[in-house]
Amino acid sequence: MIPDREWIRGAPKVLLHDHLDGGLRPGTLLELADACGHTGLPADDPETLGEAFVAAASEGGLPGYLSCFEHTLAVLQDGEALRRVAREAVLDYAADGIVYAEIRFAPTLHCSAGLSPEEALDAVMDGLRDGEEETGTTTRTLLCALRTAEDSLEVAELALAHRDRGVVGFDLAGEEAGYPAKRHLAAFQLVHRENFFITIHAGEAYPQESIWQALQWCGAHRIGHGVR
């Protein structure tokens, strides 16, 4: 038997790599943009907007893909929006047959309107719990630091402080070229000392040396993408 789409959708699955700000429903994005006054979306109806984002993400280059996040991050700057999007993510997981999901996000990217990183995390966790109660899907969270920022130690500390609430890992993401993972050794060393878990986006937009550094210098337990 060749599995069809509906069979695949209904089969129980585990999702280990998904970004909160990378999976907004197009209709939700439009509503949140209207509520917060964000302009410049590539379309003003859900279907066309979804197609535009798929096209940008399919260009084959990291910069084009990351440009989509400028819009999603712009509308995720308050607790209500974060809670809504987190809940909807779990509902969408359940509709795709996902029984366990790890969703990741960078809390420091949601603070431009006054939220603290911890408040952003609280809102996301509340939304995930809402979705779990409605669907039965189990979720956990990974907190991302950015290669281009200087606050990775603070993000690692936040992840560790909430490990008993469902945060299961510390992640490093963002532009690779010119921003080596070893710049963040203090954060990785802390995570290792505390017997916690590390994932690193590596080998996506830079040669295989980036993967080697993530493993040998930084002690990654998982590599994100790693296509080089």
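Look a little higher up for the structure.
Thresholds applied
Residues numbered from 1 in each chain as written. Predicted model: local features only at pLDDT ≥ 70, side-chain atom pairs only at ≥ 80, totals over all residues. Heavy atoms only, no water. Core = buried A, V, L, I, M, F, W, Y, C linked by side-chain atoms within 4.5 Å. Buried < 20%, exposed > 50% of the residue type's maximum accessible area, 1.4 Å probe, protein only. Helix = DSSP H or I, 4+ residues; strand = E, 2+ residues; numbered from the N terminus. Contact = heavy atoms within 4.5 Å. Pairing = 2+ DSSP bridges. Axes fitted to C-alpha atoms, helices over the stretch in contact; angles between N-to-C directions. Patch = residues over 30% accessible without salt bridge, like charges linked within 9 Å, V, L, I, M, F, W, Y side chains within 5 Å. Areas by Shrake-Rupley, 256 points an atom, 1.4 Å probe, with all protein chains shown as cover. Salt bridge = Lys/Arg side-chain N within 4 Å of Asp/Glu carboxyl O. Parallel < 35°, antiparallel > 145°, perpendicular 65-115°, else oblique. Nonpolar A, V, L, I, M, F, W, Y, C, P; charged D, E, K, R; others polar.

Participant: Before we move on, could you go through the nonpolar core and cite the residues and values that matter?
Facilitator: If you look at the biggest cluster of nonpolar residues, it comprises 55 residues, and the most contacted ones within it are L20, L76, L82, L143, F170, F188 and I200. Counting residues per element, this core draws most heavily on helix α5 (residues 79-95), which supplies seven residues. Once residues lying within four places of it in the same chain are set aside, the contact partners of F188 are F170, L172, A181, I198, I200 and C218.

Participant: Residues and numbers for the sheet that holds strand β3 (residues 138-146), please.
Facilitator: Taken in spatial order, the six strands make up an open sheet running β1-β2-β3-β4-β5-β6, and their pairing is parallel. Two strands lie at the open edges of the sheet, namely β1 (13-19) and β6 (222-225), each paired on one side alone. Neighbour to neighbour, the strand axes of the sheet diverge by 25° on average, direction disregarded. Sheet topology note: the strand β4 (residues 167-173)/strand β5 (residues 198-202) ladder contains three bridges and is parallel. Bridge pairing in β5 places L172 opposite I200. Packed on one face of the sheet, helix α9 (residues 209-216) meets β5 and β6 and runs near 165° to β5.

Participant: Before we move on, can you summarise the side chain of H71 with the specific residues and values?
Facilitator: You can see H71 is positioned in helix α4 (residues 62-74). Once you skip the residues sitting within four places of it in the chain, H71 turns out to touch L29, H38, G40, L41, P42 and F53.

Participant: A description of a nonpolar patch on the surface should follow, citing residues and the corresponding values.
Facilitator: Together, M1, W7 and I8 make up a nonpolar patch on the protein surface, roughly 410 Å² of accessible area in all. Mapped onto the elements, M1 comes out in the segment before α1 (5-10).

Participant: Mind laying out the pairing of β6, listing which residues take part and the relevant values?
Facilitator: Pairing geometry for β5 and β6, over four bridges, is parallel. Along β6, the bridge assignment pairs T199 with R222.

Participant: Any chance you could break down the environment of L190 for me, citing the residues and the numbers?
Facilitator: Looking at the secondary structure, you find L190 in helix α8 (residues 185-193). A C-alpha to C-alpha distance of 8.1 Å links L190 and E157, two positions 33 residues apart in sequence. What L190 contacts, discounting residues up to four positions off in sequence, is L153, A156, E157 and L160.

Participant: Break down the packing of helix α2 (residues 26-36) against helix α3 (residues 46-57) for me, citing the residues and quoting the values.
Facilitator: Direction vectors running N to C along α2 and α3 enclose 105°, while the axes themselves pass 8 Å from each other. In terms of orientation, α2 lies roughly perpendicular with respect to α3. In contact with P26, G27, L29 and L30 of α2, α3 contributes P46, L49, G50 and F53. Considered class by class, the residues forming the contact of α2 with α3 number six nonpolar, two polar and no charged.

Participant: Report on unusual backbone geometry, specifying residues and quantitative values.
Facilitator: Peptide bonds are trans in most cases, and residues, glycine excluded, mostly fall at negative phi. Positive phi, normally seen in glycine, also occurs at N195, with a value near 55°. Checked against the element boundaries, N195 lands in the loop between α8 and β5. For H225, which is not glycine, the phi torsion reads 75° and is therefore positive. Relative to the elements of secondary structure, H225 occurs in strand β6. By relative accessible area, which is 42% here, H225 ends up partly exposed.

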